[in-house]
Each structure stands twice: as C-alpha cells, then as structure tokens.
Amino acid sequence: MLHNDDPEEMLKIICTVRKHIMTGGPKRLPFTVPSLVFSALRLVRQLQGQDGDVIGGEVPATPKKIFQLLNQTIEALSTVPAPELALRLYLQCAEAASDCDLEPVAYEFFTQAFILYEEEIADSKAQFTAIHLIIGTLQRMNVFGIENRDTLTHKATGYSAKLLKKPDQCRAVYACSHLFWVDDQDGIKDGERVLLCLKRSLRIANAAQQMASATRGSSGPVTLFVEILNKYIYFFEKGNPQITSAAIQGLIELITTEMQSDSTTPDPASDAFFASTLRYIQFQKQKGGVMGEKYESVKV
Amino acid sequence: MVLVLALGDLHIPHRAPDLPAKFKSMLVPGKIQHIICTGNLCIKEVHDYLKSLCPDMHVTRGEYDEDARYPETKTFTIGQFKLGVCHGHQVIPWGDLDSLAMLQRQLDVDILVTGHTHQFKAYKHEGGVVINPGSATGAYSSITYDVNPSFVLMDIDGLRVVVYVYELIDGEVKVDKIDFKKTATTHSAH
C-alpha cells in the first residue's frame with residue numbers, strides 16, 4: 001500500500017498513482033479508486049495533526065488541495081457506473097472535511113452524495129441503505145452553520161418520507177430524529193423537531209397498519225410501533241422535555257391493544273421485542289434515583 | 001468450552017491489503033468452532049479464507065461488502081447463549097450504546113456483536129452484553145482515529161462467557177479478557 005512519512009512526498013505519490021489509475025477501465029476503477037481515496041484521507045488526517053500548511057513544490061500538501069483531488073477522483077466512478085460506491089466515498093470525504101473545519105468543502109461533498117441518491121440510486125433496498133448512511137454521517141457533522149445544516153436535514157427527512165415501502169419510510173424517518181439531538185456538549189438538542197419526526201413515523205406506521213388491513217384483511221405485526229416506543233424511551237432518558245411519560249404510557253397501551261386485537265397477525269419476534277422493552281422499563285423503574293423517578297408514572 | 005471468533009471491518013482490498021501477519025499466524029484452522037463476522041470483508045477471497053478457518057461462519061452485510069446476499073442481521077444459539085450479529089451502520093447514531101441496546105432488545109439476544117466503528121468495545125448492561133471486535137486490519141475509519149487492529153475470541157462455557165480481545169499495538173499483540181456470567185432468567189427460551 002502507498003506510504004511515505006513526508007506529506008509532500010505522499011501527495012506526489014498519490015497524484016502520480018491517480019494519473020495511472022484514471023486510465024484503468026470500469027473493471028479496475030471500483031478497486032483502485034477506493035484504495036486511493038482512503039490513502040488520501042489518511043494523509044489528510046496526518047496533515048490535520050500538523051499546524052499550518054506545508055507549502056512547496058507545484059502541489060502544496062493541504063487538506064483543501066487533497067479534497068479537490070478526491071472530488072475529481074470519485075467523479076471517475078460515474079464511468080463504471082458505481083453510484084452506490086461513489087456515494088459512500090463522498091460521505092467519507094464529507095466527514096473528513098468536517099474534521100478539518102472546511103464547511104464549504106463538506107457541504108459540496110454532501111451535495112454530490114444527494115445528487116447521486118436522487119439521480120442514480122433507484123433500487124429501493126439500495127435507497128434504504130443509502131439514506132441511512134446519509135443520515136448517519138450527517139448526524140455526526142458539527143461543522144455546518146444553521147442554514148446549511150437545515151437544508152441538508154430537510155433533504156434527508158424529505159427523502160426518508162418518500163421511500164417506496166411504508167415500513168422503510170417509518171424507519172428512516174425515526175432515524176432522522178437523531179439529526180436533531182446530538183449528545184455532545186454543544187451538540188444540537190432540538191426536542192420539538194425530534195418529537196415531530198417521531199410523530200411522523202408513528203403516522204406512517206399507522207398508515208402501514210391500515211394498508212395491511214385493507215389489502216390483506218389483517219393488520220401486520222406491531223414491530224414498527226415497538227421500535228418507535230424504543231425511540232421515545234431513548235429521548236425520554238436523554239432528557240428531551242417534549243417526550244413525556246404520558247406519551248410512553250400511551251404507546252404501551254396502543255401496542256398492547258393492537259397485540260390483543262383479533263385482526264393482528266401474531267408475531268413471536270414482535271412479542272419478544274415488546275416483552276424485553278417492558279422488562280427494560282421495569283429495570284429502569286427499579287433503579288430508583290433520577291431514572292426511577294422519571295418512570296414512576298409509567299405502568300408496565 | 002466453545003470457541004467463537006468474532007471479527008470484522010477488514011475492508012480488504014479498499015483500505016487494507018491483508019490481516020496483520022501476527023494475527024494470521026494465530027488464526028489456525030480447526031481450533032475454532034464458530035466464526036462471527038460483522039461485515040465489510042469486502043471480497044469473496046476474504047470470505048473463503050475465513051471459511052477455511054472454520055466452516056460454521058455467520059456473516060452480516062456491511063455497506064461495502066461485494067456480496068449483497070449477506071443478511072442485515074443474524075441470530076443463532078450457542079449453548080445457553082443467544083447471539084445476534086449486525087454490522088452496525090444501520091443503527092443510528094453510530095456506536096451509540098443506547099441505540100445498540102434497542103437492537104439487542106429487538107433481536108432478543110444475550111450477546112450482540114456489531115462493528116462499523118472500528119473500535120473494540122465490550123460492555124455489559126441489563127439486557128446482556130454488547131461486543132464490537134473492532135477492525136481486524138486496523139482499517140481507516142471516519143469515526144475512530146488511530147485504529148489498532150483487533151479481534152475477539154469468546155469462550156462459551158455453560159452460563160459463562162470469557163471474552164478475549166487481541167489488539168495489535170505498536171507491533172505487539174496484547175491480550176485482555178473480560179468475564180460475563182448470564183443469570184438464569186425466567187424469560188429466556190428453554
């Protein structure tokens with residue numbers, strides 16, 4: 001693998017290798033491009049640790065310059081075509097750019113990733129994975145100002161709600177709730193938007209149940225509701241003031257009613273999941289202290 | 001005494017050419033009864049190599065895996081323990097212990113093995129044990145800086161599991177071990 005301790009030399013090596021691999025065809029690029037990208041990202045990390053720019057030669061070794069190279073390199077995958085791989089690489093670069101505090105560069109990488117999602121990724125399973133990767137990466141980004149972050153989270157939630165299958169929509173939307181709550185010291189903690197996402201996913205789960213009733217005569221398993229209940233619990237414990245113990249109680253009762261209903265398909269997996277969730281709540285209640293108090297009014 | 005090897009996030013060939021030599025010399029066929037792989041191998045050659053170490057292999061899909069047929073999650077039983085495997089990129093926020101606990105409740109398992117963060121973790125909470133074997137090749141990760149190659153070997157004996165973690169630090173293999181005992185609870189499957 002490519003390695004040189006001197007960043008200047010390393011960058012020259014990367015540039016040279018890049019010129020060569022660009023001539024490789026669609027069979028080779030899916031292997032050569034990622035390897036080069038990760039070598040370059042390693043170099044970026046190395047340079048992050050140093051202070052200031054290393055200037056010299058025709059190609060100064062700065063993270064910014066390397067990201068420019070990376071952009072052009074990943075673009076080459078469109079000739080294969082390998083949009084899913086390219087999307088993943090763009091997201092990796094976005095995260096690295098965020099660590100280097102380069103907001104416009106990170107934004108640009110996200111833009112490229114979204115464009116690929118919109119235009120090239122049509123398979124519903126691939127879309128489900130891709131939107132989760134976008135959400136997962138975006139959740140960790142701390143370089144964006146309010147406007148940029150809003151634009152990107154809006155896009156992510158929008159696409160989540162437009163996935164083909166209702167259960168997929170539901171899961172992607174509740175995953176988006178994490179975009180508005182970051183556990184760091186100065187991370188965003190927007191309780192209201194978290195609740196909005198969870199309520200939206202609840203509506204989608206309801207719609208999914210009704211559709212199953214209408215098309216198959218019996219409503220589907222209650223798994224989605226149990227998943228959403230677990231998310232409510234997550235944010236409840238993190239201290240989101242918008243999530244109340246009454247809401248949790250309501251969900252528990254909803255699920256219990258659904259499970260006992262004649263028209264619901266029995267599903268041992270959902271039963272076990274619900275049971276372990278209730279056990280968890282019981283455990284938290286018995287803990288006493290702050291956690292026990294939080295759960296006091298919840299009856300399991 | 002059942003030996004289970006848990007490893008993942010090798011990212012061969014994209015981020016690493018091979019397992020560290022010191023690990024390879026330790027991983028000899030015939031000694032391990034089961035292999036758990038969290039995903040991101042990424043190519044068939046790695047799959048075949050791991051299969052040669054032990055035919056009973058459980059693999060889940062990582063987002064860079066070439067073979068799209070690996071399942072997203074897998075659950076199976078070894079002795080008294082129910083194990084679950086998932087790569088982890090599906091659980092947001094990545095590496096978040098509470099969200100992983102939710103997955104553990106969903107799969108209803110005693111031991112959950114996940115990866116994605118390339119950082120070794122083994123901890124016990126009320127519902128069971130969560131293990132992350134890290135990256136067996138020390139591959140680059142956007143989540144973890146300075147990844148040391150690592151993998152995990154579990155020794156399952158009755159209601160007790162001993163987790164050995166092998167980490168390659170500065171060219172030397174360091175071993176650490178953690179003990180977990182399962183309390184015989186009324187809810188577990190008979």
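Model, not experiment: these values are computed from the prediction. (Residues numbered from 1 in each chain as written. Chains lettered and ligands numbered in written order. Predicted model: local features only at pLDDT ≥ 70, side-chain atom pairs only at ≥ 80, totals over all residues. Heavy atoms only, no water.)

**Concerning the overall build of chain A**
And then number 1: A count of helices and strands for chain A gives 13 helices and zero strands.
And then number 2: Ordered by position from N to C terminus, the α and β elements of chain A give α-α-α-α-α-α-α-α-α-α-α-α-α.
And then number 3: Dimensions of chain A, computed from C-alpha atoms along their principal axes, come out at roughly 70 × 45 × 35 Å.
And then number 4: The long-range share in chain A, meaning contacts at least 24 apart out of those at least 6 apart in sequence, stands at 65%.
And then number 5: Total accessible area on chain A is roughly 14000 Å²; 52% of this is exposed by carbon and sulfur atoms.
And then number 6: Put simply, chain A has 31 plus and 35 minus side-chain charges, and the middle of one group is 5 Å from the middle of the other. (Helix = DSSP H or I, 4+ residues; strand = E, 2+ residues; numbered from the N terminus. Contact = heavy atoms within 4.5 Å. Areas by Shrake-Rupley, 256 points an atom, 1.4 Å probe, with all protein chains shown as cover. Lys, Arg positive; Asp, Glu negative; His and termini not counted. Charge placed at Lys NZ, Arg CZ, Asp CG, Glu CD.)

**Considering the nonpolar core**
And then number 1: With 105 residues, the main nonpolar core has A:L41, A:F67, A:L77, A:L87, A:L89, A:F110 and A:Y232 as its most contacted residues.
And then number 2: Residues contacting A:F110, with those up to four places away along its chain left out, are A:L91, A:A94, A:I134, A:T137, A:L138, A:M141, A:F144 and A:L152.
And then number 3: Among the nonpolar cores identified, the runner-up in size contains 25 residues, and B:I12, B:F23, B:I32 and B:L53 belong to it. (Core = buried A, V, L, I, M, F, W, Y, C linked by side-chain atoms within 4.5 Å. Buried < 20%, exposed > 50% of the residue type's maximum accessible area, 1.4 Å probe, protein only.)

**Quick look at the pairing of strand β4 (residues 73–78) of chain B**
Residue and element names in this part refer to chain B.
And then number 1: Looking at chain direction, β4 and strand β5 (residues 81–86) are connected through six bridges and run antiparallel. Among the inter-strand pairings, F76 is bridged to a residue of β5, identified as L83.
And then number 2: Two successive antiparallel strands, β4 and β5, enclose a turn made up of two residues, where G79 displays a positive phi of approximately 60°. (Pairing = 2+ DSSP bridges.)

**Observations concerning the environment of A:I115**
All names here are of chain A.
And then number 1: Inspection of the secondary structure puts I115 in helix α5 (residues 103–120).
And then number 2: Overall, I115 belongs to the partly exposed group, its relative accessible area being 33%.
And then number 3: Separated by 28 residues in sequence, I115 and L87 place their C-alpha atoms 9.0 Å apart.

**Here's the deal with the UniProt feature "domain: Calcineurin-like phosphoesterase" (unreviewed entry) in chain B**
And then number 1: Within this structure's numbering, the places UniProt gives as "domain: Calcineurin-like phosphoesterase" (unreviewed entry) are residues 4–157 of chain B.
And then number 2: Between the end C-alpha atoms of residues 4–157 of chain B there is a gap of 11 Å, over a span that is 18% helix and 29% strand. (UniProt positions renumbered as here; feature names shortened; annotations may be inferred.)

**Digging into the pattern of salt bridges**
Residues and elements named next belong to chain A.
And then number 1: If you walk through the whole model with that rule in mind, you get 16 salt bridges over all chains.
And then number 2: A salt bridge links E95 to R140; the nearest nitrogen and oxygen atoms lie 2.6 Å apart. Placement of E95 in helix α4 (residues 83–99) and of R140 in helix α6 (residues 124–140) is noted, with a sequence separation of 45 residues between them.
And then number 3: In this structure E95 comes out as buried when scored by relative accessible area, which is 5%.
And then number 4: What makes R140 partly exposed here is its relative accessible area of 29%.
And then number 5: Between K155 and E118 there is a salt bridge, with the nearest N and O atoms lying 3.6 Å from each other. Here K155, found in helix α7 (residues 146–161), pairs with E118, found in helix α5; they are 37 residues apart in sequence, far enough to count as distant.
And then number 6: According to the relative accessible area criterion, K155 is partly exposed, its value standing at 35%. (Salt bridge = Lys/Arg side-chain N within 4 Å of Asp/Glu carboxyl O.)

**Remarks on helix α11 (residues 245–260) of chain A**
Residues and elements named next belong to chain A.
And then number 1: The end-to-end C-alpha distance of α11 is 23 Å, a good match for the 22 Å that 16 residues give at a rise of 1.5 Å each.
And then number 2: Residues of α11 that are buried include every one of S245, I248, Q249, L251, I252 and I255, and no others. The arc enclosing the buried residues of α11, seen along the axis, measures out at 160°, which places them on a common side. The outward face of α11, more than 90 degrees from its buried face, is lined by the exposed residues A246 and T257.
And then number 3: On its buried side, α11 packs onto α9 (191–216), α10 (223–238), α12 (268–287) and α13 (289–294). (Expected span 1.5 Å × (residues − 1). Arc of directions from axis to C-beta.)

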